[in-house]
Every structure is written in structure tokens, then in C-alpha cells.
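Chain and residue survey
Here is what each chain is made of, one letter per residue.
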Amino acid sequence: MTNLRPRSLVPMFILTLFVAAGVFSPLSSAAPSTAALPTIHAGFPVSLNGAVVRFGSVALGKVNSDNIDDIAVGASDGKVHAYTGNGSKLWDYDTGNMAIESKPAIADIDGDGKNEVIVSAGSTFTAANSGAGVYILRNNGTLRCAFTDTGDFDSNGVHDGVYSSPAVADLDDDGQSEIVFGGFDAQVRIMDNNCNILAGRFVRDTIWSSPAIADMNGDGKPEIIIGVDSHLEPGFGTLDGGILHVYDSTLHDIAGFPKQINEVIYSSPAIGDINGDGSPDIVVGTGRCFNNLPNCASGGRVYPNVGEYINAWDAQGNALPGWPRAIPGQFAFSSPALANMDTDAALEVVINTAEVKDGLNTPPDGWMHVFNGNGSEVSGWPKKPFIPAGATGTVSWSTNASPIVADVTGDGSPEVFLPCNFDIVAWNKNGGQLTRTTIPPQAGQWALNTDFSVNGSPAVGDIDGDGKLELVAAGGRGNQTTGGLFAWDFDGAATSKALPWPSFRRSPDNNALLLSPGLQTSSDVTLIVKAGDSRTTTVAVKDIANGAIAWTASDDQSWLSVNPTNDTTPGTISITADSSGKSNGSYSGTVTLNSSVNTVTINVTLVVADNVYDVFNPVARRG
């Protein structure tokens, strides 16, 4: 067992933007936008009832009952805040003294038609404080339940925190949502909607990474994709570095996994098709611990230059061609976003990195990268973020926050957003910076500046129901102690196409999944039927992108029937085989599901026999 590693990066710099003397960088060439300039959204900025938001990321989702996206975020004092899009406070809830550095999930986990807010509390800044765990809050801000019985992996006498952002999904197809998260106590857990732990897996080292949820092997059931840290333990087959797991719903790795790498995985995986083959891929960064940080590394063992790359694997655990992508002298604590930044069918990888530098009084410089599916850098990238410092200087500080991608201008091309100190920096798809590099901004430059450091990811959505997009960020007010929310209006329409990766972990349920919509069924069907009888089975029908697709069904044999003949995902279809008039033998048929997106065929085999015996295993209860 190793001790909980301290955060190896300089976490927060309480500096005044205008006095960053001595760290000026040459001014970047900006790309003034021809679109309308963003304006401050009515009702903002908002002062929170509590401390600054240090590393918590903004979540947008429907918290109250007006069917318009609201804002939820956790702060450094353990409070969870919920606000409407006009800046009105819905509620706040105090989880304790453990800082929240995750992104809340917003989902209806109990089927009552109202969304809950699920938030984890965990931080190395407040590792000795109370309140660690995962909390489920009703839409009115009251506590539904909490799981606070985490372990004490670092042996400090306090329950360990949960830095990982919880993900919500129905893992076992029972119609009930489960919640997945990793903890600093080296446990990956699956929790039900009443905060009961359904399954746990001890991974022998700390977990910073947040889980992604996706059907990786095509069996119609979602898997859990998560990174964990590791250290040399020959008896358990682990090395110094990190491990990428792809678990089924029982927390056992599927075929092709786990994958051991030579650096920690603080980054959280993103799932999408980056090489255009129609199958989901896994993309994840690393972190920095064994790369020359002896105070972090187990036993002080360090290995120069490890972890300076981005990883990508296919669903079978094979490294994609061109990956891992080397980024010499840089590492990616942050988590990738996926988006189609060009006109082909495949997604690009959008991820920010930090330079490997020690002994600085300010953060090392950061970079924004955009990679093709073959690992090559997209033309025009990488870029440093440039923000004003003083009257004539600029800085390009790195951040632990992760990028988001959205088409906020409505021109059909996405923009990339990333915090840098007080500002949110934006680039167009070609790498042209759209935001200010001087004070005051140059003509056409966007001013997305706040009152204090922004260290968590912002989010884009329609928070006022006007059909247009807003950008929301969380940080602190000018007194550097009170939390704050900031929002800006854009002219881009609030469509699904405009929001490929609009927040950390992409969606309100934190599944970090971006796939093209398409019908998917769970399996082909074989029905063994006694002569003259019939038999029915049920097959799940879903959208691989977890959306709603209308479909119609037909069959091609007289002995075959389906019900219903039309529906919308997610749902089921009943398939019936009738052996009347059939002699003993095997018969083949197909059920075809058609939609505007794709067509799926279910192969049905009818086996007719004189006698059919159903065998049931006895159930014994141990006393």
C-alpha cells in the first residue's frame, strides 16, 4: 500500500492579473471574430453564499421543473450551489468541510420525473477535513442520501475524499440508474440510488480519474472506463505508473483490458470514434508523478520523461495507429474533449497540456492541442493561450481544467474554450484565438474575463430558454474569498449539433461519450419450440449515443411476428416464433428495424422439436 499522493502540480495561484510582471510572453496573433461580440448575461455575475470555486467544474442541467437548464457547481468549502439561468438562487447544500473539485451529475436516478444532483467531495487541500463522499440531492436541495463510508488509504484518521466526478447509467438494464465513481481510498464503486454500494473493486492505489460509461464490446450493456494509479507490486502484477480499466457491471475487466502505462492517470477518459471505423475508442491523458517528482512517486522512484504522451485504444484494447501520441516536454493532467473539427466522419481529440517545468513561482505554460484520429496534429495547432498581464504583457499559464467545444457563433464550426487564470480563452477551429490579449481588448476580440482565477471547466448551454447559447464559468469574486458565477450570451443556436462537448464529462450524466446516433440491439435470437407451440423473447433496442430514435419493425416469415411494430429508443421489442404447421427442423428468418439513421437486422432461428425441456437451476439459501 502506498500513501495518498499529494497533488504534484501547483494547484492554485492567488495572483493579481495585472501584476504578473516578469512572466510576459510575446503577443500571440489573435483572430478577431466577425460574429457579434459576446455580452454579459443578464443577472450575472453572481456572488455565491460561500467560498471560491477552486477546481469544481460547472454542470448544466434541468434541476427545477421549468425544463430549462440550470447551473450546479461545488465549491472549496464543500457547498453545492444551484442557480437558474437568470442568476436566481435555487438552493445551496453544505456537504461538510471537504472541498468539492468534481463536476456534479444531474439525472433522474429514481424515476420520479425529477432530476437529482449527484456530487462527490474530495480534495488534497482539505484531506484532513470531514465530508468526504458522494451526495445525492433532490431537486429542491435537500439530501436524499449520502455515502460517506470511504476508507482511510492514507492512514490520516479521516475518510478519504472522492475527487472523481460521478457518472450515472443503468448498468444492468433493470430500469434503475446506478452511480459509478473512484476514490482516493483506491476503490472503484457502483452505488444504487439509495446510496447502497452494489459493488466495489480495490485497485491498490489512488484514483483521480472520473469514469466514462459506454458499450465497448457491443453486447448491449454499458462498461465502465476509468484510469487508476499504480505502483510496483510484483505479487499483483503492477508497475509504477497507471492502469486503464474497462469494467463490466460486476467490476471485472472485459477482454483486452486492463492496460498498464508508465505514468499515473489523473486524466479522465473520453469515448468516441476517432478513426472513423464506427466503433468506440478510448482517449485519455496521463498526469505527473513518476516523472521526476520523488515526493509523489512510490518509494521516491522517478523515471525522466515518462507520461509525456496521449493514449488512445480501440474497444479491444489495441493501441490505435499513431498512438500513444508523444508530446515531449509536456503532460496532460486534463481530460480530452472530442468533436468533429473538420468535415470528415471521424472525431478529433481536443486536449490541453502543461509544460514539464519545476521550481517556478507561477504555473508552467500551457498548450492546446487538436489531434486527428491517426495522432497527427490538425493544421493550425497547437496553440498557447494568451491573456493580458499588465499594460503590455501576456501570460500563457497552464491549467488542470479540461477544454470544452461548442459552436457558439452559429457558423457551423466549433469553438474551443479553456480557462487561463482570470479569463476563458477561446479559439476557432483553425487555432485562431478569439479572446482578448490586451486591456482593453482589440477590435473584434471577445472579453470573457472574470474577477478571479477559474480553475474548473466552464460549460455551454441554453440557460434562459431563448434558443441561444450561453457560456457559464465558476470561480471567485474580486475579494478572492467569495465564490462567483459568470455568464455570457452568444448568438449561436442551442442545437445538439452545436454542442459536441459542451462541458467536462460532456453530458449531465457525466458519461463522457460521443457517438453518432444509431440503432443497436442486444443480440440475435434462437427459439426452440415444441411442435404446435409458440415462444416469445424480448430484445432491447437502444441508440448507441443514448438518444431517442424512432424506429419501425418488420419480419420476413409467416411464422415470425414482432410487437410493437414501431417505437422510440430506448425500449424493447418482443419477437414471437410460432411452430404451427412446421415439421421438426431449423428455420431462419429476420426482423428488420428501420430508422432515419440506420437499419438493424436481428437474425432469428426457430428450432422445432417433438419435446422441449426447460431446465431450472435450484436455488439454495444458506443459513
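Identification of the chain as BACON domain-containing protein from Kouleothrix aurantiaca is taken from an unreviewed UniProt entry. Of the comments in the UniProt record for the chain, the one headed Subcellular location (unreviewed entry) reads "Membrane".

Further remarks concern the pattern of salt bridges. Following the criterion strictly, the structure yields 14 salt bridges and no others. Salt-bridge contacts for Asp240 lead to Arg301; the nearest nitrogen and oxygen are separated by 2.6 Å. Placement of the pair is Asp240 in the loop between β16 (223-230) and β17 (241-247) and Arg301 in the loop between β20 (281-284) and β21 (309-313), with a sequence separation of 61 residues. Residue classification places Asp240 among the buried positions, given a relative accessible area of 7%. A residue is classified by how much of its surface remains accessible, and Arg301, at 29% relative accessible area, is partly exposed. For Asp358, the salt bridge identified is with Arg288, shortest N-O distance 2.7 Å. Of this pair, Asp358 sits in the loop between β25 (348-355) and β26 (366-371) while Arg288 sits in the loop between β20 and β21, placing them 70 residues apart in sequence.

Our next topic: the domain arrangement of the chain. By the assigned domains, the chain splits into domain 1 (39-294 + 304-514) and domain 2 (519-609). Look at where the C-alpha atoms of domain 1 and domain 2 centre, and you get two points 40 Å apart. Between domain 1 and domain 2, the contact holds 7 residues from the first and 6 residues from the second. Across the interface of domain 1 and domain 2, roughly 420 Å² is buried in total on both sides, 40% from carbon and sulfur atoms. Broken down residue by residue, the surface that domain 1 buries against domain 2 is led by Asp215, Gly220 and Leu513, which jointly contribute 53%. Put simply, domain 1 and domain 2 have 0 salt bridges between them. Taken together, domain 1 and domain 2 are joined by 1 residue pair in polar contact (both at pLDDT 80 or more). Broken down by class, the residue content of the side of domain 1 that touches domain 2 amounts to 1 nonpolar, 3 polar and 3 charged.

The subject of this paragraph is the state of the cysteines. Under the criterion given, the structure shown has 2 disulfides. For Cys145, the disulfide goes to Cys195, at an S-S distance of 2.1 Å. Because the torsion about its S-S bond is 75 degrees, the bridge between Cys145 and Cys195 counts as right-handed. Of this pair, Cys145 sits in strand β10 (residues 143-147) while Cys195 is found in the loop between β13 (187-191) and β14 (197-202), placing the two residues 50 residues apart along the sequence. One disulfide bridge connects Cys289 with Cys296, the sulfur atoms lying 2.1 Å from each other. Between Cys289 and Cys296 the disulfide shows an S-S torsion of about -110 degrees. By sign, it is left-handed. In this structure Cys289 comes out as buried when scored by relative accessible area, which is 0%. Cysteine pairing for the chain (bonded cysteines numbered in sequence order): 1-2, 3-4.

Calculation rules
Residues numbered from 1 in each chain as written. Predicted model: local features only at pLDDT ≥ 70, side-chain atom pairs only at ≥ 80, totals over all residues. Heavy atoms only, no water. UniProt positions renumbered as here; feature names shortened; annotations may be inferred. Salt bridge = Lys/Arg side-chain N within 4 Å of Asp/Glu carboxyl O. Helix = DSSP H or I, 4+ residues; strand = E, 2+ residues; numbered from the N terminus. Buried < 20%, exposed > 50% of the residue type's maximum accessible area, 1.4 Å probe, protein only. Domains from an automatic or database assignment. Contact = heavy atoms within 4.5 Å. Buried area = accessible area lost by both parts, 1.4 Å probe. Polar contact = N/O pair within 3.5 Å; in protein donor to acceptor, adjacent residues only side chain to side chain. Nonpolar A, V, L, I, M, F, W, Y, C, P; charged D, E, K, R; others polar. Disulfide = S-S within 2.5 Å.

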